[in-house]
Amino acid sequence: MSNITSKIKTGWLKCMESIGQGAANMADNAKLKLGELSMENRRKDLLAQLPTKVMQMWKDGIELPEELCGMLSELNGINEELEALHAARQAKKQKPAITDGKDAAEAVEEAAAEVAEEATEAIEDATEETAEAVEEAAEEIAEEVTEAVAEAEEAVQEAAEEQNNY
């Protein structure tokens, strides 16, 4: 009879050790997943910043391959036309009439500055939201792992106490 009890206790302890190892594996997997999410978000941020950086390098006069220069030149022209259209639309909304060319140029510059500021704010907001989502996910995973480890430790301790009582 004591042999069966001993085998049951040994089996229980091994079960609890397995649970503890499983919790440790979950923690390791959570750390790996968090690292992967962080790297993916950083990659997205860099890819989002790349076109702007290349455009700035081109505007600063840094030599780039011909194909890229052609594309950037065309893109720059399109950007200027779009900024003028947006600025004109903004100017119509803000001012009922523009009296001369100087006022029009100022209105276009002001509207372009507002559009650029709005775009910058939108990019910053998106980056902050991504960082917050990653942080929340990491906290949730850490809590789950901590709970699982605590439960496993309690079970192992209870099993050890039962082993000592016999």
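Our structure is the block above this text.
Calculation notes
- Residues numbered from 1 in each chain as written.
- Predicted model: local features only at pLDDT ≥ 70, side-chain atom pairs only at ≥ 80, totals over all residues.
- Heavy atoms only, no water.
- Helix = DSSP H or I, 4+ residues; strand = E, 2+ residues; numbered from the N terminus.
- Rg over C-alpha atoms; globule rule 2.2 N^0.38 Å.
- Contact = heavy atoms within 4.5 Å.
- Areas by Shrake-Rupley, 256 points an atom, 1.4 Å probe, with all protein chains shown as cover.
- Expected span 1.5 Å × (residues − 1).
- Bend = angle between axes of the 7 residues up to and from the residue.
- Buried < 20%, exposed > 50% of the residue type's maximum accessible area, 1.4 Å probe, protein only.
- Patch = residues over 30% accessible without salt bridge, like charges linked within 9 Å, V, L, I, M, F, W, Y side chains within 5 Å.
- Salt bridge = Lys/Arg side-chain N within 4 Å of Asp/Glu carboxyl O.

## Comments concerning the overall build of the protein
Here comes step 1: Counting its regular elements, the protein contains three helices and zero strands.
Here comes step 2: Relative to the globule expectation of 15 Å for 166 residues, the C-alpha radius of gyration of the protein, 31 Å, shows a markedly less compact shape.
Here comes step 3: For the protein, the C-alpha atoms occupy an extent of roughly 105 × 40 × 15 Å along the three principal directions.
Here comes step 4: The long-range share in the protein, meaning contacts at least 24 apart out of those at least 6 apart in sequence, stands at 60%.
Here comes step 5: Accessible surface, the protein: about 13,000 Å² in total, of which carbon and sulfur atoms supply 55%.

## What to know about helix α1 (residues 2-59)
Here comes step 1: Between the first and last C-alpha of α1 there are 85 Å, a value that for 58 residues agrees with the 86 Å anticipated at 1.5 Å per step.
Here comes step 2: Its maximal kink placed at Leu50, α1 deviates by approximately 35°, while the proline Pro51 follows within four residues.
Here comes step 3: Within α1, the full set of buried residues consists of Lys9, Met16, Ala23, Ala27, Ala30, Asn41, Val54 and Met55.
Here comes step 4: Among the residues trailing α1, Gly61 stands out with phi positive, at a value near 90°.

## Remarks on the environment of Lys44
Here comes step 1: Among the secondary structure elements, Lys44 is positioned in helix α1.
Here comes step 2: A residue is classified by how much of its surface remains accessible, and Lys44, at 53% relative accessible area, is exposed.
Here comes step 3: Once the C-alpha coordinates of Lys44 and Ala116 are considered, the two residues, 72 residues apart in sequence, prove to be 21 Å apart.

## Quick look at a nonpolar patch on the surface
Here comes step 1: A grouping of Ile78, Leu82 and Leu85 is seen on the molecular surface, where their side chains present a nonpolar patch of about 270 Å² in accessible area.
Here comes step 2: Following the sequence through the fold, Leu82 ends up in helix α2 (residues 66-94).

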